[in-house]
Amino acid sequence: MRLSDRIFRGLLLLYPAAFRRRFGGEMLEMLAARRDAARSPTAWLALWTGVVYDTARSVVRERLPVRRNLVESLRQDVRHAWRVVRRTPGFSVFVILLMAIGVGSTTAVFSVVHAVLLRPLAFKDADRLVFVWEQRHAVRRNTVGGHEFPVWKERSRSFEAMAAIAFDRDFSLTGAGDPAVLNGVRVTSDFFNVMGVPPALGQVFGPEADVPGRGDVAVISHRLWTERFGADRGLIGRTIALNDRSHIVAAVMPPDFQFPANGAGLAPDLWTPIAEPIHQYRGRHYLFVVGRLAPGVSQVQAQTELASIADAVAREFPPNKDHRVNVQPLQSELVDDVRNAILILFAAVAVVLLVGCCNVANLLLARATARQQEIAIRAALGAGRLRIARQLVAEAALLSLGAAALGLFLAAWLVDIIRSAVPGQVPRLATVAIDPAAVAFAIAVAIATTLIFGMVPVWQLFGVQVADRLRTGNKGVPSPVRHPLRSVLIVAEVALTVSLSIGAALLLQSFFKLHRVDPGFDSADVMTMGLTLPAARYQGAVHQRTFYIDAVERIRGVPGVESAAATNMVPHGGGLSGIAIAVEGRPSPRPGEEATARYRVVSTEYFRTLNITTPRGRTFIAADARSAVPLIRWFEQQPLPPRFAESQAPPAAVINETMARQIWPGEDPLGRRFRVLFSPPIVVMGIVADARNAALSDEPVAEFYLSDLQEPQSRMTLLIRSRDGDAVLPAIRAQIAALDPKLPIASVRPLEEVVATNLAPHRFISTVMGGFALIALLLMVAGVYCVISYATAQRSQEIGIRMALGATRLDIGRLVARGGIVLCVVGAALGLAGGYALGRSASGLLYEIQPADPSTYVALVLGVLAIAAIASWIPARRAMRVDPTTILRAE
Amino acid sequence: MSPTRKPALDERAKRLLPLTPAVLQILLSLSSEDRHGLGIAADVREFTGGRSILGPGTLYGTIKRMLDAELIDDLESPAGDADDPRRRYYRITDLGRRALELETDGLASLVGTAMRRRALKRT
C-alpha cells in the first residue's frame, strides 16, 4: 500500500465507525483520484492542506452532531483559525516544519519501539511462553546441557510443553536448483506445541520423530516453500535432499512464523527433529529451551519448581553443582539486547521533540504578544476569555494537524532508512512500518503538543488587562519585558540540548575508540567463504579432513592468493565455544569450578593468514596429523576413535597469551598438558598473541586453538588472503567445484565486513544520537536567537533612553546579551544532570569511557554556551548600532 | 403529486432553508442525473469553474445529513456500472427538488434585486 493511502486510512480512523463503514471506501477512492491528479509540488501541497482542513472540519461535525451551537462555534473557530494560518503563510510553514521534524522523528522511533518491544509476539497466548536457561554463577544465560533438558521436561509440572532447540548444524539443499545452504534449526517435536502455531500446510512431526535415527523429516518455512519450490502444494509428503539424505517434507509453516532466529538474526528456513539420545550428552551444553507455562502457572512458580529439580540433578550428577535455572519471558528475551538502545533512542528523540516544541511555544508566544491588542479589542467587544482561548488553541491545532501530516511522511522516510541501516541483529525490525498505531501516535503527539504548547500563549493572555492594552495602543508591551515563561522555555531548551549532546558525545567517542581497537589479527585483504560438508557423503572425521586439506592446498595455488587457511569459527562471525578444561597434575577442581576457555579449530596456515604473531613455541605443522581423530569426546560413553592405540603425533594445542597467564601464572606453559571433556591429554606447543575474536569491545579471554588435522570439522570457513579481492573468486570457486561439484558455498564476505557488521549497531546508535543532538542544537540556536532578538526589539525604547543618558555601546551590548547568556548558563547546568542520567542509562553501550567523563562534559557545556553566546550576541550587536535619536523620535 | 401532499412538501422544504452551499451544490448536481460521490464532486468542481472543491469529509458528511433529511436517496449501484461495486449512486427526492426550487427562487429574486439597484456592476 502506498504511504498516502496509509495516511488516508489513518485519517479515516478519526471518523465515527458507522460513518467510516458507510463512506470510507468511497472517500479513499476519491482521495486516491485527487492524489493521482496532483502532479506538481504546489498541487500536492494544496491537496494535503485541503485534506487536513476538510478532515478537521468534518470530523468535528461528525463527532459532535448533537450540540448544534457548539458545533457551529467550533466551526467558526476552525474557520477563523484557518484564515489566521493562511494570513501568515511564512510563519505557519515554519511552525509546521519545526513540529513536523519533532513529530516525524518521534513517530519513526516510536514505530520501532512498537514493532520490536511492544507488539505481542505472533504466537498463541504469547505471554505464557518462556525461555529456560541454565544459570551458573555470574553467567545468567547458559545453553542447557544434554543431561538437564530431558530431566526438566520429564519432572516439571509447571509447563504445558517444553522443547529444545539446537543451532548446531548447517543444512545444504541439493537437487532443487543450485545447491544452497539453508538456515535450519533442530528442535524436539514439542517445539510446535510450545509455540502454538499450526502449520499452513501439512502436519508437523510428532514424538515419533524424536527417536534417534528417525529424524529424516522436515518442516519448511513459507519463504523456502515459495522461493525454492514454487509454492507447490504437492510438496507435502515428497522428499528433498538435505545434507545428501532424503527428508520427507511434513509441513509448511505460515509466512509470519520465523522463530527462532539464529545468531545473525536470520529466520529459519527449516525445522528438523533433533532425534538423538540427548540425555547421553552429559556436559554438552548445546540446547536452547523454550516452554509454554501451564494455564495459571506464573513464571516464578515455574522457576521455583525447576530450581528444586536442578538441585536433584546436581545430587545425581555432582559436576552440576551450582547449576541453577533461569526462567525468562520469551518476548523480553528476544529483545533484551536491544531494549536499552531503543529506549535511549526514544528518549533522545523525545528531547528533540521537546526542544522543537519549546521553539514553537516561543514563536506562538511572541505572536500572541504582538496580537494582544487584537485580543483586547475582541474582549472589549464581548468575546469571552474561553472563546478567545479556544480560537488560539484551534490555530495551534490546525498547525499541529499539518505537522502530523508532514511528520508522517518524514517518519515513513526515516523508517525506511532505519530498516536498511541496521543489520539483522535487531529482532522484528523488518516488520517496522507506519501502521495505524504509528499514525495514532503521531496524531496523539501532535494533539498533546498543541494542548500543552498552544496553551502557553493562552495562559499569558489571561493576564491581559483590556483597558491597559487598549491604552498603550500599538506599542505592544509597555514596560521592560519580563517574561518568566519565555525564560523558562530558553532554560529548558538549553538544558535538553546539553543533555542530549552529552549522551551523543559519549556514544560517539566510545564508537571511535572501538573503531580504533586493534583486534589482534589483520582483517584487510582477507575473504571468508563458508562451506559445510554433507554428512552423507563425508562420513567420518578423516574424510572431512582430507577435503579441507585439499581445498586449502588448491586455493593456495590460485594465482594472486598469498595464503589460505580454514577455521570452524571465523573471528567476529558469532558463536561461542566455552569449554571446561582440566590441567594435568593439578587436583581435580570442585564441580562447577573448573577452568574454562574458548577454543577454535584452525588449519596450519591460520596464524600466518591473519598475521597473528607467535611469541613462543610453534604453531601447527603437517606432522601434527593424527590417524585417530577426533580428539574431543563429548560424553563418557562415546567410543574412542579407531587407531587410537597406534603410535602417532601427540594431541597439540596453541594457546593465547591470556590463557598462558591465567592457567599457568608464573610458569612456562610450553609442554604442559590439559584435557578437554573426555579428550586425551593435549600438549601446549606454542603461545600466540591475543586476538579479540568475539567482539572488539570484549577484552581477550583465555582461548586455545586445536588443529584441524587432529579435530576435523564438517563446517569450516576458508580464509583467503589476496590483494586482488573479488578477482580471484571465480578461480577459487572452480577449484572447490573441481573437488566437489555439488557442494554449496554459503557466504563469501570480506573479513573486514564481518568485523564491521559487528560494529554496525554501535555505529548506528551513535550516528543517530549525533544526528538528533545536531538537530536539537540547531533548534536551540534558532530559539535563543529569536527570543533575544525579539526581546531586544521590544526594549528598543529603553535602549534609546539609556544611550541618550550616556550608556556606551558596549554597555548596551552587555545588557542585551547578558539576559540570554544567564539563561543559557542556568540551562547548561541543568543539562549536565540530564546528560549524566542519559550517560548512565547508556553505560551498557559505552566502551572505555565513563558516563561521567569530565572532559566531555566540560567541552560540551563550553561548546553549547559559546554557540548560545553567539546567538545572543548577534541581536546585541544590532542593538549597539542603534541611533538613539531615531528611536526616541519614533516614540 | 396529489394536491393534498404538495403543501406538506412545501412546509417541510421551507423548514430546511436556507441551504448551506454544499447542500445546494449537491442538489444542483443531482437535479440533472443520478450520480455517485466522485461524480458529484467532479460535477460541482466543473459548474463552479473550480472555485468550489468539496473535500471527502465535507462531501460525505453532507450526503449523510441529506439522506437523514430525505433530500436525497441512495440507490444500489445500477447494473451498468461495472467500475466499482463500492460506489453508491444518489438520487434527488421530491423534497430535495422542492427545496432546491425554493432556494434558487430566493436566490434569483435576490440577484434580481441586486441588479435593479445596480449593486451589481454588470447590468
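Since this is a predicted model, take the numbers as computed values, not measurements. As a convention, each chain's residues are numbered from 1 in the sequence order in which they are written. The order in which chains are written sets their letters, starting at A; the order in which ligands are written sets their numbers, starting at 1. Restriction of local features to residues with pLDDT of at least 70 applies here, the model being predicted, together with a cutoff of 80 or more for giving and counting side-chain atom pairs; totals for whole chains, interfaces and linings are based on all residues. Side-chain descriptors were evaluated using all non-hydrogen atoms of the structure, hydrogens and water having been removed beforehand.

Draft legend 1. Summary view of the overall build of chain A. Each helix is a run of H or I in the DSSP string that is no shorter than four residues. Each strand is a run of E no shorter than two, and both are numbered from the N terminus. On a plain count of helices and strands, chain A comes out with 24 helices and 25 strands. Partly exposed describes any residue whose relative accessible area lies between the buried limit of under 20% and the exposed limit of over 50%, with all areas from a 1.4 Å probe on protein chains only and scaled to the type maximum. Buried residues in chain A amount to 52% of all 891 residues. For this analysis, residues touch if any pair of their heavy atoms sits within 4.5 Å. Contacts in chain A between residues far apart in sequence, at least 24 positions, make up 81% of those at least 6 positions apart.

Draft legend 2. Seen up close, the overall build of chain B. Across its full length, chain B carries 5 helices and 3 strands. Counting over 123 residues, chain B shows a buried share of 41%. Across chain B, contacts joining residues at least 24 apart in sequence account for 56% of those joining residues at least 6 apart. Entry remark: accessible area of chain B is about 7,400 Å², with carbon and sulfur atoms responsible for 52%. Accessibility throughout is a Shrake-Rupley quantity obtained with a 1.4 Å probe, and a residue counts as covered only by protein chains that appear here.

Draft legend 3. Representation of helix H3 (residues 37–47) of chain B in the model. Those residues of H3(B) that sit buried are Gly37(B), Leu38(B), Gly39(B), Ile40(B), Ala41(B), Asp43(B) and Val44(B). Next to the buried residues of H3(B) lie helix H2 (17–37) of chain A together with helix H2 (21–32), strand S1 (35–36), helix H4 (56–68) and strand S3 (89–92) of chain B. Gly49(B) lies just past H3(B) and shows a positive phi near 65°.

Draft legend 4. The pairing of strand S17 (residues 578–583) of chain A, seen in detail. Residues and elements named next belong to chain A. The alternating pattern of S17 places Ile579, Ile581 and Val583 on a buried face and Gly578, Ala580 and Ala582 on a face that is not buried. For two strands to be treated as a pair, DSSP must find no fewer than two bridges joining them. Note that S17 and strand S18 (residues 595–602) share 4 bridges and pair antiparallel. Directly across from isoleucine 579, in S18, lies its bridge partner alanine 597. Bridge analysis of S17 against strand S21 (residues 673–676) gives 3 bridges, and the strand direction is antiparallel. Note on S21: the bridge partner recorded for alanine 582 is arginine 675.

Draft legend 5. View of the nonpolar core. To form a nonpolar core, buried Ala, Val, Leu, Ile, Met, Phe, Trp, Tyr and Cys residues must be joined to one another through side-chain atoms within 4.5 Å. Leu500(A), Met769(A) and Ile63(B) are the most contacted members of the largest nonpolar core, which has 150 residues in total. Counting residues per element, this core draws most heavily on helix H10 (residues 330–370) of chain A, which supplies 19 residues. For Leu500(A), the contacting residues outside a window of four places in its chain are Ala348(A), Val351(A), Val352(A), Met769(A), Phe772(A), Ala773(A), Ala776(A) and Leu838(A).

Draft legend 6. Focus on the confidence of the model for chain B. The pLDDT value expresses, per residue, how confident the predictor is, ranging between 0 and 100. Taken residue by residue, chain B gives an average pLDDT of 82. The fraction at 70 or more is 81%. Predicted as a complex, the structure gets a pTM of 0.67 and an ipTM equal to 0.82.

Draft legend 7. Examining the sheet that holds S3(B) more closely. Residue and element names in this part refer to chain B. Reading across the sheet, the 3 strands line up as S1-S3-S2 and stay open at both edges, with antiparallel pairing between neighbours. Among the strands making up the open sheet, the edge pair consists of S1 and strand S2 (72–75). Pairing between S1 and S3: 2 bridges, direction antiparallel. Residue pairing in the sheet places arginine 35 in a bridge with tyrosine 90 of S3.

Draft legend 8. Main features of the interface of chain A and chain B. In this complex, chain A contributes 17 residues to the contact, which on the side of chain B involves 23 residues. Computed with a 1.4 Å rolling probe, the buried area is the accessible surface lost when two parts are put together, summed over both parts. On the chain A side of the contact with chain B, Glu26(A), Glu29(A) and Met30(A) bury the most area, a combined 32% of that side's loss. For salt bridges, the criterion is a side-chain nitrogen of Lys or Arg within 4 Å of an Asp or Glu carboxyl oxygen. At the boundary of chain A with chain B, the tally comes to 3 salt bridges. Each polar contact in these results corresponds to two N or O atoms within 3.5 Å; when the atoms are within protein, one needs to be able to donate a hydrogen and the other to accept it, and residues that are neighboring in sequence are counted only if both atoms are side-chain atoms. In this structure, the connection of chain A to chain B is made through 7 residue pairs in polar contact (both at pLDDT 80 or more). Counting residues per element, the ones that place at least two in the side of chain A that touches chain B are H2 and helix H3 (41–63) of chain A. Note on residue classes: Ala, Val, Leu, Ile, Met, Phe, Trp, Tyr, Cys and Pro are nonpolar, Asp, Glu, Lys and Arg are charged, and everything else, Gly too, is polar. Tallied by class, the residues present in the side of chain A that touches chain B amount to 7 nonpolar, 2 polar and 8 charged.

Draft legend 9. A look at the pattern of salt bridges. The full count for this structure, using the stated rule, is 41 salt bridges over all chains. Lys64(B) is the partner of Glu62(A) in a salt bridge, and the nearest nitrogen-oxygen pair spans 3.1 Å. Of this pair, Glu62(A) sits in helix H3 while Lys64(B) sits in helix H4, each in a different chain. You can call Glu62(A) buried: its relative accessible area is 6%. Notably, a salt bridge pairs Arg537(A) with Asp244(A), separated by 1.9 Å at the nearest N-O pair.

Draft legend 10. Broad picture of the side chain of Arg633(A). Structurally, Arg633(A) can be placed in the loop between strand S19 (616–617) and strand S20 (652–656). Polar contacts involving the side chain of Arg633(A) include one to the main-chain carbonyl oxygen of Phe678(A), which spans 3.3 Å.

Draft legend 11. Spatial organisation of the packing of aromatic side chains. Residues and elements named next belong to chain A. The pairing test for Phe, Tyr and Trp rings, Trp by its six-membered ring, is centres within 6.5 Å, and the orientation test on the planes gives stacked under 30 degrees, edge-to-face over 60, and tilted for anything in between. Summed over all chains, the structure comprises 32 aromatic pairs over all chains. Plain terms: the ring middles of phenylalanine 123 and phenylalanine 259 are 5.6 Å apart, the flat faces sit at 75° to each other, and that makes the pair edge-to-face. Residue phenylalanine 123 is located in the loop between helix H5 (89–118) and strand S1 (129–136), and its partner phenylalanine 259 is located in the loop between strand S11 (245–252) and strand S12 (270–273); the two are separated by 136 residues in the primary sequence. The residues phenylalanine 123 and phenylalanine 259 share a single accessibility class, namely buried. Feature note: the residues Phe123, Phe131, Trp133, Phe167, Phe191, Phe192, Phe205, Phe257, Phe259, Trp271 and Phe288 constitute an aromatic cluster, connected by ring pairs.

Draft legend 12. Structural view of H10(A). All names here are of chain A. By this rule the span expected of a helix is its residue count minus one, scaled by 1.5 Å. End to end, H10 covers 57 Å across 41 residues, agreeing with the expected 60 Å (1.5 Å per residue, within 8%). Of all the bends in H10, the greatest measures close to 70° and is centred on aspartate 336. Counting buried residues in H10 gives 29 out of 41 residues, a clear majority hidden from the surface. What is called the bend at a residue is the angle between a pair of axes, fitted to the seven residues leading up to and ending at it and to the seven starting from it.

Draft legend 13. Structural detail: the environment of Ser766(A). Residue and element names in this part refer to chain A. For serine 766, the position within the fold is in helix H20 (residues 751–794). Judged by relative accessible area, which is 1%, serine 766 ranks as buried. In sequence terms serine 766 and phenylalanine 512 are 254 residues apart; their C-alpha atoms lie 9.6 Å from each other. Beyond its immediate sequence surroundings of up to four residues, serine 766 is in contact with Leu507, Leu508 and Phe511.

Draft legend 14. How the structure looks around the state of the cysteines. Residues and elements named next belong to chain A. For this text, the term disulfide refers to a pair of cysteine sulfurs within 2.5 Å. Tallied over the full model, the rule gives 0 disulfides over all chains. With no disulfide of its own, cysteine 358 has cysteine 357 as its nearest cysteine by sulfur position, at a separation of 7.3 Å. The buried category is assigned to cysteine 358, whose relative accessible area is 5%.

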